[in-house]
Amino acid sequence: MKLCITILVAITFWMPISAKETSRLRVKKVSVIESNNKLLDENVSTIPFTADLADSYITDLKQYVSRRVNSTDKSDPAIILSLLEWVSNQWQHDGVNAPPARANALEILTLAAQGGRFSCNSYSTVLSDVLLAYGYISRVISLNSKDIAYGTLGMGHVAVEVWSNSLQKWIFIDPQYSVYATYHGEYLNYYDIYRLRAESKYNEIEFHVANSHLTINHQTKDEAIAQYRSFLSEYFGYIVTPYEHAESISMLVLPMESKDQFLTNQGRTSYPLVFTEEPEDFYFSINTTLVVFTQGTCTLDRKHSDTRPFFEETEKSAGQGIPESNFTLQLRNNMPWFDHYEYKNKNNVWVSTKHSTLPWKVSDGVSTFTVRAVNMAGVAGVPTSIKLKYE
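Residues numbered from 1 in each chain as written. Predicted model: local features only at pLDDT ≥ 70, side-chain atom pairs only at ≥ 80, totals over all residues. Heavy atoms only, no water.

## A few points about the side chain of N165
Position of N165 among the secondary structure elements: in the loop between β4 (156-164) and β5 (169-174). With relative accessibility at 6%, the residue N165 sits in the buried group. A polar contact is formed between the side chain of N165 and the side chain of N287, at a distance of 2.9 Å. A polar side-chain atom of N165 sits 3.3 Å from the main-chain carbonyl oxygen of A380. Setting aside anything within four residues of it in sequence, one finds N165 in contact with D76, Y136, N287, V379, A380, G381 and V382. (Helix = DSSP H or I, 4+ residues; strand = E, 2+ residues; numbered from the N terminus. Buried < 20%, exposed > 50% of the residue type's maximum accessible area, 1.4 Å probe, protein only. Polar contact = N/O pair within 3.5 Å; in protein donor to acceptor, adjacent residues only side chain to side chain. Contact = heavy atoms within 4.5 Å.)

## Regarding the packing of aromatic side chains
Under the criterion given, the structure shown has 25 aromatic pairs. Between the aromatic rings of F293 and F327, the centroid separation amounts to 5.3 Å while the plane-to-plane angle is 85 degrees, which identifies the pairing as edge-to-face. Here F327 lies in strand β15 (residues 327-333) and F293 lies in strand β14 (residues 289-295), a separation of 34 residues in the sequence. Each member of the pair F293 and F327 is classed as buried. (Phe/Tyr/Trp six-rings, centres within 6.5 Å; stacked < 30°, edge-to-face > 60°.)

## A look at the pairing of β5
A regular strand carries its side chains on alternate faces of the sheet. Burial runs high along β5: 6 of the 6 residues are buried. Every second residue of β5 is oriented toward a common face, with K169, I171 and I173 on one face and W170, F172 and D174 on the other, all of them buried. Where β4 meets β5, 5 bridges bridge the pair, whose relative direction is antiparallel. Opposite E161, over in β5, you have F172 as the bridge partner. Where β4 folds back onto β5 in an antiparallel hairpin, the turn is made up of 4 residues, including Q168, whose phi is positive at roughly 60 degrees. Pairing geometry for β5 and strand β6 (residues 179-183), over 2 bridges, is antiparallel. Across the sheet, the residue bridging to D174 is V179, located in β6. Between the end of β5 and the start of β6, which pair antiparallel, lie 4 residues, with S178 showing a positive phi angle near 55 degrees. (Pairing = 2+ DSSP bridges.)

## Considering the side chain of N334
By secondary structure assignment, the location of N334 is in the loop between β15 and β16 (338-344). Judged by relative accessible area, N334 falls into the buried class, the value being 4%. At 3.0 Å, the side chain of N334 forms a polar contact with the backbone oxygen of S285. A polar side-chain atom of N334 sits 3.1 Å from the main-chain amide nitrogen of N287. Contacts of N334, omitting those with residues within four sequence positions, involve L40, D41, V44, S285, I286, N287 and T288.

Written as structure tokens, this is what we have:
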């Protein structure tokens with residue numbers, strides 16, 4: 001759902017008049033000429049996170065991975081792909097063997113370092129928690145065939161989708177095969193792949209495999225991609241992910257090539273299932289910031305370090321004292337583990353603030369306010385930018 005915001009403020013000025021002239025009225029208007037400011041999607045609350053960024057387990061996991069992966073100066077999505085490649089190479093796939101029940105990512109990695117081999121479930125569990133440790137929101141997804149209800153074993157595959165702040169979308173990554181997908185340069189989520197397949201464009205999708213993974217598995221690039229394209233083609237019945245609602249966890253099912261609802265999984269008891277026909281229930285935006293405009297003065301502590309740059313700029317623009325701002329900007333976000341906001345100053349430099357309310361004095365002409373949320377891992381979310389014209 002998109003929310004379009006238009007602000008019109010009329011400010012009147014009485015002009016000097018002569019004896020021969022009647023009074024004249026000049027009206028200045030402020031209007032939004034460009035904006036990506038929209039209603040926050042609250043579906044982020046349906047993701048049942050397996051851990052918290054503040055957990056010691058997550059801290060230990062990041063330390064373990066950081067000693068083995070060079071992520072310095074890498075940004076999203078490059079850091080996501082580096083972590084995908086590293087996890088994919090930690091053990092050889094074994095579709096039968098499994099780690100102890102409820103083993104976490106760090107425990108699985110420890111077992112793998114001792115020679116353990118595990119299935120796609122373990123690859124996805126590890127990668128999802130590793131991404132979380134680095135501040136990236138991800139989820140484990142099950143890719144099911146049309147015969148998932150009573151088909152034989154092998155009717156499903158498990159992979160990961162991760163939210164990319166730079167791409168502003170969920171992207172599909174498969175840690176068992178060290179694969180991600182693009183179409184004409186655009187990163188794809190799994191539903192994107194399904195829609196292209198429905199349009200007979202499946203063979204035009206580019207599947208990318210890490211060179212190190214090819215070396216370990218003694219494959220050429222063409223061999224690996226052909227094998228993966230054929231393998232994946234069996235799993236376009238349904239896409240499934242854990243879903244939390246009213247403190248209860250079930251599985252959210254989005255039908256693709258198969259529209260029938262089901263109650264069993266390969267002839268066995270299934271987790272509780274919730275079906276949706278709406279892709280938006282599955283693919284929603286997160287880590288975004290909403291800016292709510294109100295008119296009037298915003299009272300902040302001028303001496304506070306994170307608001308001083310804002311006041312200094314508005315003082316210079318006014319040429320005197322702390323001015324009364326035209327607007328008070330109320331900031332809201334849907335970022336898990338939110339820590340603080342950052343806004344751009346007049347020099348286009350990001351400035352941090354712990355405040356959720358800021359003043360903004362609109363200048364004559366065109367001016368822009370840009371803000372983003374930042375989480376506890378220091379990962380910045382999607383910027384919201386609003387360009388106003390005042391004349």
